[in-house]
Amino acid sequence: FLGLAAPTKKHGKGTPGAVVGEVVKPGPAQHAGILEGDTILKVDSVPVHSIADALATVSTRSPGQSLDFVVRHAHRTHILPVTLGSRTVPPSSGK
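Residues numbered from 1 in each chain as written. Predicted model: local features only at pLDDT ≥ 70, side-chain atom pairs only at ≥ 80, totals over all residues. Heavy atoms only, no water.

Asks: Can you help me understand the pairing of strand β7 (residues 66–73) in this one?
Replies: Looking down a regular strand, the side chains alternate between one sheet face and the other. Across 4 bridges, the pairing between strand β5 (residues 39–43) and β7 is antiparallel. Residue pairing for β7: K42 is matched across the bridge by V70. Taking the residues between adjacent antiparallel strands as the criterion, β7 and strand β8 (residues 76–83) are bridged by 2 residues, where A74 takes a positive phi near 50°. (Pairing = 2+ DSSP bridges. Helix = DSSP H or I, 4+ residues; strand = E, 2+ residues; numbered from the N terminus.)

Asks: What's the story with the pairing of β5 in this structure? I'm lost.
Replies: Burial of β5 is extensive: 4 of the 5 residues sit out of reach of the surface. Across 2 bridges, strand β3 (residues 18–19) lies against β5 in antiparallel orientation. Along β5, the bridge assignment pairs V19 with T39. Both β5 and strand β6 (residues 46–47) contribute to a ladder of 2 bridges, which runs antiparallel. Within β6, the position partnered with K42 by the bridge is P47. Taken together, β5 and the strand that follows it, β6, pair antiparallel across an intervening segment of 2 residues, in which D44 is found at a positive phi of about 50°. (Buried < 20%, exposed > 50% of the residue type's maximum accessible area, 1.4 Å probe, protein only.)

Have a look at this one:
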């Protein structure tokens, strides 16, 4: 579980990265410092052109594993380690 929710959007054609539309709070992305409006450029050295690219790399990992996200924020590039979490499902009401 990464903690990014739609709508995370692509830049224009030919521009690398995926713009973060929403960060789930609390969640791994928030704890790592990823903010709404940031642009994800790479996940573990794999270039990102859409959120699907980022999620494809994340899906190969297990909860507790860490990935390095290269993120552009306020015209600066940062490397943010993100430790993946597990998605919690609320208990059933029994109905």
